[in-house]
Structures are given as structure tokens and as C-alpha cells.
Amino acid sequence: MKKKIFIGIDISSATLDTCVTIDKTQESLVIPNEVKAIKAFFKKFTAYELVIGMENTGRYNWQLYEVLAGSPHQVYVIPPIHLKKSLGLVRGKNDKIDAIRIATFIEKNYLDLKPWSCPSESIQKLKILLTERNSRIKSKRQLISQKKDYSKMKKLKIDRFLEKMNKDSMIQLNEQITLIEKQIEEIINIDELLKKQAKLMRTVPGVGKVLCWTMLAKTEGFKTIDQPRKMACYSGVVPFENQSGTSIRGKKRVSTYADKSIKSVLHLAAMSAIRLKNDLGVYYLRKVAEGKNKMSVLNAVRNKIIHRIFAVIKSQNPYKFDLILS
């Protein structure tokens, strides 16, 4: 039986700070964040059973993913907030220390974590394209915000020049977003499973193309998150109690530890759903008429959308509702 060792990796764009724990002895190493260097690093430990932990840092993880895909090692990708909250009261921070903390965390907690598995090529492409799309959406918002200030520059006589440049940039960004969205649709249509899942999701009131894409990417085709309650918690739409003894009895509130990107998309989906003639719209109007807070009811609609999405995926049947329209 191979001896088990624990490796914590702190990832940056150029380098990987690693901490290797063998028999309670820790050794720190820095290697380039390149496929060749990563392969050479892991080759040194072929005589051991590896348990590897790293933070989820987005695109900087891809070199590691490429090497570790299909490997016999146990790999765990830890959400940064999970690691941060588990450390307790700590002082100081650098890449070497972070790698040591990841190694220590993974040694203590790996049995309670879900191992990472390499997503399909379609999911990998989908995640990258959605990141690129969101980046351009953010740039558009910045340009719109800048445009409001150009009227203040009329005295300097450069307002028209800036407005034209702003308009040209907006046109270019819109063209790029359209191309990215077309590529996303092509990827989904080529993959039969993703195509069917997207089609089923679109039958749920309020669910549009962006929420479809986001749900597929975040759940990796409903594999990494396979229960609606987990997804609702991940999205920050589940209210939690705020109570202790008899002195603290606060209102139920949603957690701030949530994926804000999918929560915002769910909010738009809920706003769309309540404007249409469907069971979610009827539910919203009934609860508001009863005196419920509008935002609380809207949050409940977000939750219901998540549950309906998972229901159609599980049943493999499109969503249907009975509604008598007056």
C-alpha cells in the first residue's frame, strides 16, 4: 500500500506555490504554472498516493486541470470562502503560507469533501465563453457609466470625440458578445445531453438562454450540484434563521456567502416570470395581496424556479402548469 501524502497548491498566473506534507514534515516548493513543469513535479511522487488540494481561481487552474484530468490522484478544488472561514483567527498572508494552509486544511478535511472530476470538454468551453461574455458585459456597463459624464466636458470641446469613441467601442463589444453567444449555442447543440437539458429548462416560466447557460456551467450538466436545495443555497436564495436563546430573534435572512453572478441571473428570471401569465405570476400576486414583502416573495420565486428546473431535469419531461385565465 502506497504512503499517502498531502499537497497544497496556491495558484497564480505565473507560478504555483506548493506545500508537500509527508509524515507531518512540510516542504515548500515553487514551480512555473506550465504543463511541462507540473508534470515533472508530480512525477517525483509516483511512489506515493497523492491527495491534492487547491483553491478555485478560475482560468489559472486550467494548466493543473489538464495534467490531473484522468490521473489516479485524489484532487479537491476548494471554494476560497470555504478555506478562508475554516482558518479561524490568523495573521499574515503570502503565497507560501497559503499553500501550507491549503495542505493543512486538506489533510484534516478531505474525507468530508467531494473529489474533483474533470468536466467534459463542452462544459470547459462553456465556462470559458461565459467568463468572456461576462467580462464584455461588465465593460459595456463601464462605457455606459462614462457616457453620462461626457456632457460635462462640452466646455473643453472633447465631448463629441469621446462619445464617438464610446459608441465605436460599444458596437465592437456588442458584436463580440453576439459571436460568443452564437458559439455557446453551437457547443450546446453539438452535445446531445446539454441540448436536451437546455430545452427542458426553457419550458420553465422565466428561464431564458442566459440562465440556461449559467445553470449548465455551474452544475456541470447537473453533475456537481445535483439537488435543488444545494443549488438554492449556492445561489443565495435560501433564508436562514437568526436566533440564539431568548435575546436574539432576528428575521430569516439569505446568506451573503453566495454566487452573486447566478443570483443576479435568477433575479432577472424571476422578474420575467411574474410578468407572465403562469403559476409563478399567480403565486407572486397572491402573496403580495396577502401583505407579504415583495422582495421576500420575489426571492421565493427564485427558489421555485430552481426547484422547477431540477424537477424537469430529473423527470426528463417539459414543465407544464394548469392555470385558468380570466
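The rules behind each value
- Residues numbered from 1 in each chain as written.
- Predicted model: local features only at pLDDT ≥ 70, side-chain atom pairs only at ≥ 80, totals over all residues.
- Heavy atoms only, no water.
- Helix = DSSP H or I, 4+ residues; strand = E, 2+ residues; numbered from the N terminus.
- Buried < 20%, exposed > 50% of the residue type's maximum accessible area, 1.4 Å probe, protein only.
- Contact = heavy atoms within 4.5 Å.
- Phe/Tyr/Trp six-rings, centres within 6.5 Å; stacked < 30°, edge-to-face > 60°.
- Pairing = 2+ DSSP bridges.
- Right-handed = clockwise from strand over helix to strand, strands pointing away.
- Salt bridge = Lys/Arg side-chain N within 4 Å of Asp/Glu carboxyl O.
- Axes fitted to C-alpha atoms, helices over the stretch in contact; angles between N-to-C directions.
- Parallel < 35°, antiparallel > 145°, perpendicular 65-115°, else oblique.
- Left-handed = near helix turned anticlockwise from the far one by under 90°.
- Nonpolar A, V, L, I, M, F, W, Y, C, P; charged D, E, K, R; others polar.
- Core = buried A, V, L, I, M, F, W, Y, C linked by side-chain atoms within 4.5 Å.
- Arc of directions from axis to C-beta.

Undergrad: Provide a residue-level description of the overall build of the chain, including the pertinent values.
TA: When its secondary structure is counted, the chain shows twelve helices and seven strands. With the C-alpha coordinates of the chain rotated into their principal frame, the extents come out at 70 × 60 × 50 Å. The proportion of buried residues among the 326 residues of the chain is 38%. Within the chain, residue pairs in contact and separated by at least 24 positions form 62% of the contacts whose partners lie at least 6 positions apart.

Undergrad: How would you explain the packing of aromatic side chains if you had to name every residue and give the values?
TA: Per the stated rule, a full pass over the model turns up eight aromatic pairs. Ring geometry for Tyr76 against Tyr110: centres 6.3 Å apart, planes inclined by 65°, an arrangement best described as edge-to-face. Residue Tyr76 is located in strand β5 (residues 74–78), and its partner Tyr110 is located in the loop between α4 (95–109) and α5 (121–147); the two are separated by 34 residues in the primary sequence. Residue class for Tyr76 comes out buried when judged on its relative accessible area of 3%.

Undergrad: I'd like a rundown of the pairing of β5, residues and numbers included.
TA: By the bridge criterion, five bridges tie strand β4 (residues 48–55) to β5 in an arrangement that is parallel. Among the inter-strand pairings, Ile52 is bridged to a residue of β5, identified as Val75. The parallel pair β4 and β5 is bridged by helix α2 (residues 62–68), and the resulting crossover is right-handed.

Undergrad: With reference to specific residues and values, describe the pattern of salt bridges.
TA: What the rule picks out here adds up to 13 salt bridges. With a closest N to O distance of 2.9 Å, Asp259 and Lys218 form a salt bridge. On the criterion of sequence distance, the pair formed by Asp259 in the loop between β7 (248–254) and α10 (260–274) and Lys218 in helix α8 (residues 209–219) is long-range, its members being 41 residues apart. Its relative accessible area of 28% is what places Lys218 among the partly exposed residues. Note that Glu290 and Lys287 form a salt bridge whose closest N and O atoms lie 3.8 Å from each other.

Undergrad: Give a detailed account of the packing of helix α6 (residues 159–190) against α8, specifying residues and quantitative values.
TA: In contact at an axis separation of 12 Å, α6 and α8 are set at 60° when each is read in the N-to-C sense. By the angle class used here, α6 and α8 are oblique. Every pair of crossing elements has a handedness; the one defined by α6 and α8 is left-handed. The segment α6 lies against α8, with Glu181, Ile184, Glu185 and Ile188 engaging Lys209, Trp213 and Leu216. Tallied by class, the residues present in the contact of α6 with α8 amount to four nonpolar, no polar and three charged.

Undergrad: Tell me about the sheet that holds β5, and name the residues and values.
TA: Ordered in space as β3-β2-β1-β4-β5, the five strands form an open sheet in which the pairing is mixed. The open sheet terminates on both sides in strands that have one partner only, identified here as β3 (25–32) and β5. Ignoring which end each strand starts from, the neighbouring axes of this sheet average 20° apart. The sheet contact formed by strand β2 (residues 15–22) and β3 spans eight bridges and is antiparallel. Bridging from a neighbouring strand, Val20 pairs with Glu27 of β3. Against the sheet, α4 touches β1 (3–11), β2, β3, β4 and β5, its axis set at about 140° to β1.

Undergrad: An account of the nonpolar core is needed here, citing residue identities and associated values.
TA: In this structure, Met201, Leu211, Met215, Ile305 and Ile309 are the most contacted members of the largest nonpolar core, which totals 45 residues. Counting residues per element, the ones that place at least two in this core are α5, α6, α7 (192–201), α8, α9 (228–235), α10, α11 (279–289) and α12 (294–315). Residue contributions to this core peak at nine residues, all from α12. When sequence neighbours within four positions are dropped, the list of residues in contact with Met201 reads Val207, Cys212, Met215, Leu216, Phe222, Ile309, Val312 and Ile313.

Undergrad: So what about α9? Which residues, and what values?
TA: Those residues of α9 not exposed but buried are Met231, Ala232 and Ser235. For α9, the angular spread of buried residues about the axis comes to 100°, placing them on one side. Positive backbone phi, at 75°, marks Gly236, one or two positions downstream of α9.

Undergrad: Go over unusual backbone geometry with me, naming the residues and quoting the values.
TA: The phi dihedral of Glu220 falls on the positive side, at around 55°, and the residue is not glycine. By the secondary structure assignment, Glu220 is in the loop between α8 and α9. Even without glycine at this site, Gln316 takes up a positive phi of about 60°. Within the fold, Gln316 resides in the segment after α12.

Undergrad: Can you explain the packing of α8 against α10? Please cite residues and give values.
TA: Following both chains from N to C, one finds α8 and α10 inclined at 145°, their axes separated by 10 Å at the closest point. Here α8 and α10 pass one another in a crossing that is left-handed. Along the contact surface, α8 presents Val210, Leu211, Thr214, Met215 and Lys218, while α10 presents Ser261, Ile262, Val265, Leu266 and Ala269. Looking at the contact of α8 with α10 residue by residue, the class counts come to seven nonpolar, two polar and one charged.

Keep in mind that these numbers describe shape and distance, not what the molecule does.
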